[in-house]
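Inside the fold
The primary structure of each chain is shown beneath.
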Amino acid sequence: MEKLHCKTCGCESLQPMQVTLDDEDAVDNLMGGEQESRFYSCQVCGDNWLSVKEKAPDGACTITFVHQMGTSPVLKRVAHMSNPVVISDESVDEWEYYKGDTPVEEAEWESVLSDRRDTLKATCMN
């Protein structure tokens, strides 16, 4: 499995893992389309996130990112896209940001994530 650079500590220690469910047909039926999940975890500082890509039958796609699972409140952002193949600034039509279940502005969301990453980085550097 390939290793990527961690956005928190900078180490080449971020490892993506495919998340599979026992009954993928049940998930497809439940979601009304295809679903693909990946969990990213840094082996050095512990930063992590889950991404869940959902493709609807009409071709629309959303990717939900849940950052630093296990901390509270949950930080989540949702990308709404018309092209499910590539995620880039050009392919995202709209971003939604959440702190817990409450929608928040991007700046507030980024600030909380940045503070959490600073804490993780400081912890692993000591």
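Above this text you will find the structure in question.
Model, not experiment: these values are computed from the prediction.

Topic: the nonpolar core
Counting 13 residues, the largest nonpolar core has C6, L14, C42 and M81 as its most contacted members. For this core, the secondary-structure elements that each account for two or more residues are β3 (34-42), β5 (61-67) and β6 (75-81). No other element matches β5, which puts 3 residues into this core. Core analysis: the next-biggest nonpolar cluster, separate from the first, contains 6 residues, L75, Y97, V104 and V112 among them.

Quick word on the sheet that holds strand β4 (residues 48-55)
Within the open sheet, the 8 strands sit side by side as β1-β2-β3-β4-β5-β6-β7-β8. Their pairing is antiparallel. Both edges of this open sheet fall to β1 (4-5) and β8 (102-104), since each of them pairs with a single strand only. Two strands pair when backbone bridges link them, and β6 and strand β7 (residues 92-99) are joined in this way by 7 bridges, in the antiparallel orientation. Each residue of the ladder has a partner; that of M81, found in β7, is V92. Packing against the sheet, helix α2 (residues 106-125) makes contact with β4, β5, β6, β7 and β8, and its axis sits at approximately 130° to β6.

As for the packing of aromatic side chains
The final tally for this structure, using the stated rule, is 4 aromatic pairs. When the centroid spacing of 6.0 Å and the interplanar angle of 35° are considered together, the rings of F65 and W95 count as tilted. Taken together, the residues F65 in strand β5 and W95 in strand β7 connect sequence positions 30 residues apart. In this structure F65 comes out as buried when scored by relative accessible area, which is 11%. Residue class for W95 comes out partly exposed when judged on its relative accessible area of 27%. An angle of 55° between the planes, with centres 5.2 Å apart, marks the rings of Y97 and W109 as tilted. With a gap of 12 residues between them, Y97 in strand β7 and W109 in helix α2 connect regions that are remote in the sequence. On the basis of relative accessibility, which here comes to 8%, the residue Y97 falls in the buried class. Exposure remark for W109: the relative accessible area of 1% places this residue in the buried category.

Rules of the game
- Residues numbered from 1 in each chain as written.
- Predicted model: local features only at pLDDT ≥ 70, side-chain atom pairs only at ≥ 80, totals over all residues.
- Heavy atoms only, no water.
- Core = buried A, V, L, I, M, F, W, Y, C linked by side-chain atoms within 4.5 Å.
- Buried < 20%, exposed > 50% of the residue type's maximum accessible area, 1.4 Å probe, protein only.
- Helix = DSSP H or I, 4+ residues; strand = E, 2+ residues; numbered from the N terminus.
- Pairing = 2+ DSSP bridges.
- Contact = heavy atoms within 4.5 Å.
- Axes fitted to C-alpha atoms, helices over the stretch in contact; angles between N-to-C directions.
- Phe/Tyr/Trp six-rings, centres within 6.5 Å; stacked < 30°, edge-to-face > 60°.

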